[in-house]
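Summary of structural features
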Amino acid sequence: MRTLLLLLIMCLTGPLAAQDTEVDVELFLAVDVSRSMSPEELEIQRRGYAAALTSPEVQAAINGGLLGRIAVTYVEWAGEYNQRVLVPWTLIATPQDARAIANAILATEFEGLRRTSISGALLYATGDFAGNGFAGLRRVIDISGDGPNNQGRPVHLARDKALAEGFIINGLPLMTQDALSAMWGIPDLDIYYQNCVIGGPGAFVIPVLSWDQFADAIRRKLVLEIAGITAQIMPARLSALSPYDCLVGEKMWEENRPWLVIP
């Protein structure tokens, strides 16, 4: 009788779902590859992320976590619907795990894409956590970019949606100077990120002013995110620091359209 009852329960409830792997943090690395980025800059980015992920500092931060493991995905983004997954959600617990991810990042050919939709990247990221096979104590979206949003939903609305769902968003504004940044960039990109992009408990931005700073900035950023330490540089607050036009990128796009330079 007990056996029949057990079989009946199993038929009614179905097989037990596989348990997600618990990790200290689920980290979504969203990397800008819009046309305003040169092939040389794209290479610097990928090499910087690969070096940071395999650095002793990042491995120490992983080992120092409650569980000693994290989950990472590496996605390149540009326009509203331009997201390219280089590394799907993958566990990192050992240096070998990190090296495999670094090799996958470096193995891809470099190619830039059109437009700059930070909001598109945020909306894609928030949907990508569901069903990824991991359960993190924190869910962090790490987004880099060299210009303001100029396509898709207004970025502050996408940010607010992500925050309402419990995500933390950190930013790496790339404030390097060249001919394209003069047309498509803004001089206070770090303030834009602070007011319009990042948010959540302990959120922060780390500006990159020159490409020789990039590798160090990425390494520092990953350590802070993995260890759950609040950065001392431009911490986010619960409300905007001052009035800011979060649609500045969209307005610049309309002004510059006649020049036919597509970032």
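Please refer to the structure placed before this passage.
The structure contained in this document is the topic of the report that follows. (Residues numbered from 1 in each chain as written. Predicted model: local features only at pLDDT ≥ 70, side-chain atom pairs only at ≥ 80, totals over all residues. Heavy atoms only, no water.)

**Here's the deal with the overall build of the chain**
- Along the backbone of the chain there are ten helices and five strands.
- Per-residue burial over the chain gives 47% buried out of 263 residues.
- Across the chain, contacts joining residues at least 24 apart in sequence account for 81% of those joining residues at least 6 apart. (Helix = DSSP H or I, 4+ residues; strand = E, 2+ residues; numbered from the N terminus. Buried < 20%, exposed > 50% of the residue type's maximum accessible area, 1.4 Å probe, protein only. Contact = heavy atoms within 4.5 Å.)

**Quick notes on the pairing of strand β2 (residues 70-77)**
- Burial runs high along β2: eight of the eight residues are buried.
- Side chains I70, V72, Y74 and E76 of β2 all project onto a buried face; the interleaved residues A71, T73, V75 and W77 project onto the opposite face, where all are buried too.
- Two elements, strand β1 (residues 21-32) and β2, share seven bridges in a ladder whose sense is parallel. Across the sheet, residue E26 finds its bridge partner in β2, namely A71.
- As defined by bridge partners, β2 adjoins strand β3 (residues 83-92) across seven bridges and the pair is classed as antiparallel. Paired with W77 across the two strands is Q83, which belongs to β3.
- Linking β2 to β3, which pair antiparallel, is a turn of five residues. (Pairing = 2+ DSSP bridges.)

**Details of the environment of I143**
- Tracing the sequence through the fold places I143 in strand β4 (residues 134-145).
- On a C-alpha basis, the gap between I143 and N170 in space is 6.3 Å, while along the polypeptide they are 27 residues apart.
- Among residues more than four places away in sequence, those in contact with I143 are A30, W77, I118, A121, L122, I169, N170, G171, L172, Y193, V197 and K221.

**A short note on the pattern of salt bridges**
- The tally for this structure, following the rule as stated, stands at eight salt bridges.
- Salt-bridge contacts for E76 lead to R46; the nearest nitrogen and oxygen are separated by 2.4 Å. Linking E76 in strand β2 with R46 in helix α2 (residues 39-53), this pair joins segments that are 30 residues apart in sequence. For the pair formed by E76 and R46, the shared burial category is buried.
- In this structure, the salt-bridge partner of K221 is D142, at a minimum N-O distance of 2.5 Å. Of this pair, K221 sits in helix α9 (residues 214-227) while D142 sits in strand β4, placing them 79 residues apart in sequence. Here K221 and D142 have matching classes, each one buried. (Salt bridge = Lys/Arg side-chain N within 4 Å of Asp/Glu carboxyl O.)

**Examining the side chain of K221**
- According to the relative accessible area criterion, K221 is buried, its value standing at 0%.
- Ignoring sequence-local partners within four residues, the contact set of K221 consists of D142, I143, N170, G171, L172, F204 and I206.

**Structural notes on the nonpolar core**
- Y49, I118, I143, L172, Y192, V197 and L222 are the most contacted members of the largest nonpolar core, which totals 68 residues.
- A total of seven residues in this core trace back to one element, the largest contributor, which is β1.
- Not counting residues within four places of it along the chain, the set of residues in contact with L172 comprises Y49, I143, S144, G145, Y193, I206, V208, F214, A217, I218 and K221. (Core = buried A, V, L, I, M, F, W, Y, C linked by side-chain atoms within 4.5 Å.)

**Some details on the packing of aromatic side chains**
- Applying the stated rule across the entire model yields ten aromatic pairs.
- An angle of 65° between the planes, with centres 6.3 Å apart, marks the rings of F28 and W89 as edge-to-face. Taken together, the residues span a long stretch of sequence, with F28 in strand β1 and W89 in strand β3 at a distance of 61 residues. You'll find F28 and W89 in the same group, each marked buried.
- Seen from their ring centres, Y49 and Y74 are 5.3 Å apart, and the 85° between their planes marks the pair as edge-to-face. Here the residue Y49 occupies a position in helix α2, and Y74 occupies one in strand β2, the gap between them amounting to 25 residues.
- You can call Y49 buried: its relative accessible area is 0%. (Phe/Tyr/Trp six-rings, centres within 6.5 Å; stacked < 30°, edge-to-face > 60°.)

**Overview of the sheet that holds β2**
- In spatial order, the strands read β3-β2-β1-β4-β5; together these five strands make up an open sheet with mixed pairing. Looking along the sheet, the strands with just one partner apiece sit at the ends: β3 and β5 (168-173). Taken over all neighbouring pairs, the strand axes of this sheet differ in orientation by 15° on average, direction set aside.
- Where helix α5 (residues 118-128) meets the sheet, it contacts β1, β2, β3, β4 and β5, and its direction lies at approximately 165° from that of β4.
- Contacts from α9 reach β1, β2, β4 and β5, with the element oriented near 155° to β4. (Axes fitted to C-alpha atoms, helices over the stretch in contact; angles between N-to-C directions.)

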